[in-house]
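Tertiary structure, described
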Amino acid sequence: MIDSKQAAEALADIDDIVQRLRQSQLYELASLAALWWGVLVFAGNFVTWLWPIYAVYAWPAVDILGVGGLVAIRLLTPSQARAAAFDIRLVLVFVLFFAFGYICTSVLGHFGPRELGAFWPIYFMLFYTLAGLWFGHAFIAIGLGITALTLIGFFTIGEAFPLWMAFVNGGGLILGGLWMRRI
Amino acid sequence: MAELDDIIHQPLRLKIMAALNALPVASGLEFARLKKLTGATDGNLGAHIETLAKAGYVSVEKAFVGKKPQTTVTATPAGRGAFARHVATLQEIIAGRQG
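Summarised in this report is the structure supplied together with it. Just so you know, these numbers come straight off a predicted model, no measurement behind them. (Residues numbered from 1 in each chain as written. Chains lettered and ligands numbered in written order. Predicted model: local features only at pLDDT ≥ 70, side-chain atom pairs only at ≥ 80, totals over all residues. Heavy atoms only, no water.)

1. Some details on the sheet that holds strand β2 (residues 58-65) of chain B
All names here are of chain B. The strand order across the open sheet formed by three strands is β1-β3-β2, and the pairing between neighbours is antiparallel. The sheet terminates laterally at β1 (28-30) and β2, the two strands that pair on one side only. Strand after strand, the sheet turns through a mean of 30° between neighbouring axes, direction not considered. As paired strands, β2 and strand β3 (residues 68-75) are joined by eight bridges and run antiparallel to one another. By the bridge assignment, V65 is partnered in β3 with K68. (Pairing = 2+ DSSP bridges. Helix = DSSP H or I, 4+ residues; strand = E, 2+ residues; numbered from the N terminus. Axes fitted to C-alpha atoms, helices over the stretch in contact; angles between N-to-C directions.)

Structure representation (structure tokens):
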């Protein structure tokens, strides 16, 4: 028989492994989301760079496909099987996110294409970084990294800014997603 | 007086059972994922999974994903029950009712 100290250590080991499992499940889900958004954002920026007049169609398509993909990933990922079949809060998060962004960029301010191209990634990455304070350092690294590169591009890159953002934001999310799968 | 389960009590087997027990019923973990979670070596992990499988606490399924072999380990109902009893016993020891 073991003493109470050894029993407490065994329970601590159990808590630790469960915590690590939860973290790994979260990274698995987040990596799929990052890969999905990365591909879409890459495409959106690439279209904006090649055919700027179609950007007005490209970005709503990116947003709709992005949110739809996230809902699908959440419902189809086996580790989420215990979650409710459909969590309306996930959709509300995005409604609030886009509404607040719209108020900032089009009501309070009147952002041009270049400002919009910088604002949305930085705004998105703010939530990524904040989430990282609770859910893992990878979110913080990806959030701060993409934010910094976006700002560097905004202040230093000329007309090729959308192309820069395709690689920085789209490519950054894809690389970040692949990285989270390896942690 | 409840007894600790000798099979589960071994530290690596305790980690394996804790991870599998935290999953939804009938869900399993791939060998590579368990290895990463527990920090064990291939040989060590394989040997302890075999011990758990012989006791009927886990089931092991081998399949091919593309051309890659994939081993998935799942806690059986018996394994979940044994793990729950083991944890309850640990809690009793801490509460001073045993030990």
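2. Quick notes on the side chain of R33(B)
Examined against the element boundaries, R33(B) turns out to sit in helix α3 (residues 31-38). By relative accessible area, R33(B) is classed as buried at 18%. Other than its neighbours up to four places away in sequence, R33(B) contacts S24(A), Q25(A) and E28(A). (Buried < 20%, exposed > 50% of the residue type's maximum accessible area, 1.4 Å probe, protein only. Contact = heavy atoms within 4.5 Å.)

3. Some details on unusual backbone geometry
The bulk of non-glycine residues show a negative phi, and the bulk of peptide bonds are trans. If you check the backbone angles, A26(B) has positive phi at about 75° while not being a glycine. By relative accessible area, A26(B) is classed as exposed at 64%.

4. Side note on the pairing of β3(B)
Residues and elements named next belong to chain B. Pairing geometry for β1 and β3, over three bridges, is antiparallel. Each bridged residue has a counterpart across the sheet, and for L29 the counterpart in β3 is V73. The loop that links β2 with its antiparallel partner β3 comprises two residues; one of these, G66, has a positive phi angle of about 70°.

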